[in-house]
Amino acid sequence: MIESLPRREREVFETLCRLESATTAGVRAALSDTLSDSAIRTLLARLETTGLVERANGVDGVHYSPVPRTEAVAAGALQRMVDTFFAGSAANAATALLGMGGKITADEAEALERAIDEALGRKS
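Along its length, the protein chain carries six helices and two strands. Starting at the N terminus and ending at the C terminus, the protein chain contains elements arranged as α-α-α-β-β-α-α-α. The globule rule puts the C-alpha radius of gyration for 124 residues at 14 Å, and the 18 Å found for the protein chain is more than 25% above it. Structurally, the protein chain occupies a C-alpha span of about 50 × 30 × 25 Å along its principal axes. When each of the 124 residues of the protein chain is scored for burial, the buried share is 23%. Pairs at least 24 apart in sequence give 44% of the contacts found in the protein chain among residues at least 6 apart. Within the protein chain, the 18 negative side-chain charges are centred at a point lying 4 Å from the centre of the 14 positive side-chain charges.

Within the element layout of this structure, Thr-24 appears in helix H2 (residues 24–30). Overall, the relative accessible area of 10% leaves Thr-24 in the buried class. In contact with Thr-24, not counting residues within four places along its chain, are Asp-37, Ile-40, Arg-41, Leu-44, Val-62 and Tyr-64.

What follows is about the nonpolar core. Formed by 17 residues in total, the largest nonpolar core has its most connected members in Val-12, Phe-13, Leu-44, Leu-47 and Val-53. Elements that contribute at least two residues to this core include exactly helix H1 (7–19) and helix H3 (37–49). With residues up to four places along the chain from it excluded, the contact list for Val-12 reads Val-27, Leu-31, Ile-40, Leu-43, Leu-44 and Leu-47.

Of note in the backbone geometry, Glu-20 takes a positive phi value of approximately 75° without being a glycine. Topologically, Glu-20 is positioned in the loop between H1 and H2. A relative accessible area of 56% places Glu-20 in the exposed class. One non-glycine residue, Ala-87, lies in the positive phi region at around 50°. Summarising the element assignment, Ala-87 is placed in the loop between helix H4 (70–85) and helix H5 (90–100). With a relative accessible area of 77%, Ala-87 lands in the exposed category.

The subject of this paragraph is the side chain of Thr-15. Counting through the fold element by element, Thr-15 comes out in helix H1. In this structure Thr-15 comes out as buried when scored by relative accessible area, which is 4%. Each residue touching Thr-15, except ones within four places of it in the same chain, is listed here: Val-27, Ala-30 and Leu-31.

Here we come to helix H6 (residues 106–119). Every α-helix winds through 3.6 residues per turn, so residues three or four apart in the chain are directed the same way. Over its 14 residues, H6 extends 20 Å from the first C-alpha to the last, a length consistent with the 20 Å expected when each residue adds 1.5 Å. Just beyond H6, the residue with positive phi is Gly-121, at close to 80°.

Before going further, it helps to examine H1. Along its 13 residues, H1 runs 18 Å from first to last C-alpha, staying within 8% of the 18 Å computed at 1.5 Å per residue. By the burial criterion, the buried members of H1 are Glu-9, Glu-11, Val-12, Phe-13, Thr-15, Leu-16 and Cys-17. Positive phi shows up at Glu-20, right after H1, with a value of about 75°.

Attention now goes to the packing of H1 against H3. In contact at an axis separation of 10 Å, H1 and H3 are set at 85° when each is read in the N-to-C sense. One element, H1, and the other, H3, form an angle in the roughly perpendicular class. Taking contact as the criterion, the partners of Arg-8, Glu-9, Val-12, Phe-13 and Leu-16 in H1 are, on H3, Ile-40, Leu-43, Leu-44, Arg-46 and Leu-47.

About the criteria used
- Residues numbered from 1 in each chain as written.
- Predicted model: local features only at pLDDT ≥ 70, side-chain atom pairs only at ≥ 80, totals over all residues.
- Heavy atoms only, no water.
- Helix = DSSP H or I, 4+ residues; strand = E, 2+ residues; numbered from the N terminus.
- Rg over C-alpha atoms; globule rule 2.2 N^0.38 Å.
- Buried < 20%, exposed > 50% of the residue type's maximum accessible area, 1.4 Å probe, protein only.
- Contact = heavy atoms within 4.5 Å.
- Lys, Arg positive; Asp, Glu negative; His and termini not counted.
- Charge placed at Lys NZ, Arg CZ, Asp CG, Glu CD.
- Core = buried A, V, L, I, M, F, W, Y, C linked by side-chain atoms within 4.5 Å.
- Expected span 1.5 Å × (residues − 1).
- Axes fitted to C-alpha atoms, helices over the stretch in contact; angles between N-to-C directions.
- Parallel < 35°, antiparallel > 145°, perpendicular 65-115°, else oblique.

Structure follows, in structure tokens:
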């Protein structure tokens, strides 16, 4: 469903997922390029109509929050990235991610080993 959103709506939705909850001004400040408050409100209203966003009154105004669990949204975004940039290969994506940064912890290494064992069909 998120994949079918127009680019601007998807950008606002993904920004809201990253923020977890925000006012219109908070969403606007977090976007890579500026939109007016009225444009942000319009996009958030569209997302609310589709059931992706909910709003609640807060002490500093209306707060918007994503309705789907952030983990589900992240999984979909990650799948799109793997499909787009790594020809669908999770292994190539994982290799690229590991090559991007510093050291990993022992716990992270164990988690990766378990994931590899599961992917290979080995029992852990």
